[in-house]
Amino acid sequence: MSGQGENRGTILDYPLPVFRFEVRFTVSADNPEASGERLLCGGAFSECSGLEATMEPRAIKAGGHNYGEIQRAGRVSFSTVILKRGVTRNRDLWKWFELVAKGAYAYRLKAEVTLFDFDINGEKKPVMAWEMLNALPTKFKTADFNSTFSQAAIEELHFVHEGLIHKDNLEQET
C-alpha cells in the first residue's frame, strides 16, 4: 500500500467530491417480470445516504485462552438507503413504491450509485459505484407544502436491499 505522500510514477490520490453522483434503478434480468435488464428510473439526486454495511463481530470464549475473547466475523447487515431529489413531473419513484405496496412483491430492482470525477478535458468519468441487489422501497415522502416556504420541493425514497457491491476502476471499463 503506498502512502499519499509517495509518488511512484502515478498521480497522487486526492479526495473525490461527493456532489457528483448519479443513481439508476434497473429491473434486473433475474426478475421474473423482466426480459433483460432495463432502466426503470434514474438521474440526479440532491442527497444519498445509507450506503453502509455493518459486520457484527462474534466473540468466542475459548478454554485456555484467558486473555480476552477470540473475535470472528459475524452477520453483515445493510442500512436503509435514503434518496432525496427535487419534485418533478416524473412519478417513477412513486409508481415503483405503489406497485410494491399493492402486492407486486417480486418487483425488486437493482440500484446503482455512481460517483463521478472530471478528467483533464473536463469530461465526466465514472470513478466508482455501489450496486445494491434486490432493492425494495419502504417509504416514499413527498414535499411538505407551505405557502410561506420559498425553497424547492423535495421528495424522498427510502429502500432496503439484500447486498452491497463496491465497484471501482470504472474509468477502465468505459
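Further up the page is the structure itself.
Rules and cut-offs
Residues numbered from 1 in each chain as written. Predicted model: local features only at pLDDT ≥ 70, side-chain atom pairs only at ≥ 80, totals over all residues. Heavy atoms only, no water. Helix = DSSP H or I, 4+ residues; strand = E, 2+ residues; numbered from the N terminus. Buried < 20%, exposed > 50% of the residue type's maximum accessible area, 1.4 Å probe, protein only. Contact = heavy atoms within 4.5 Å. Salt bridge = Lys/Arg side-chain N within 4 Å of Asp/Glu carboxyl O.

Engineer: What is the right way to read the overall build of the protein from this model?
Structural biologist: Secondary structure summary: the protein contains one helix and twelve strands in total. When its helices and strands are written in sequence order, the protein yields β-β-β-β-β-β-β-β-α-β-β-β-β. A total of 174 residues make up the protein; the buried ones form 30% of that total. In the protein, the proportion of contacts linking residues at least 24 apart, taken out of those at least 6 apart, comes to 62%.

Engineer: Help me understand the pattern of salt bridges, please; the structure alone is not making it clear to me.
Structural biologist: Side chains carrying opposite charge are able to pair once their charged atoms draw close together. Per the stated rule, a full pass over the model turns up 13 salt bridges. The closest approach of N and O atoms between Asp 117 and Arg 20, which form a salt bridge, is 3.4 Å. With Asp 117 in strand 9 (residues 109-118) and Arg 20 in the segment before strand 1 (21-27), this residue pair connects regions lying 97 residues apart in the sequence. When its relative accessible area of 5% is taken as the criterion, Asp 117 is described as buried. Look at Arg 20 and you get partly exposed, because its relative accessible area is 25%. Between Glu 98 and Lys 102 there is a salt bridge, with the nearest N and O atoms lying 3.3 Å from each other. Counted as one network, the salt bridges with shared partners bring together Arg 85, Arg 91, Asp 92 and Glu 155.

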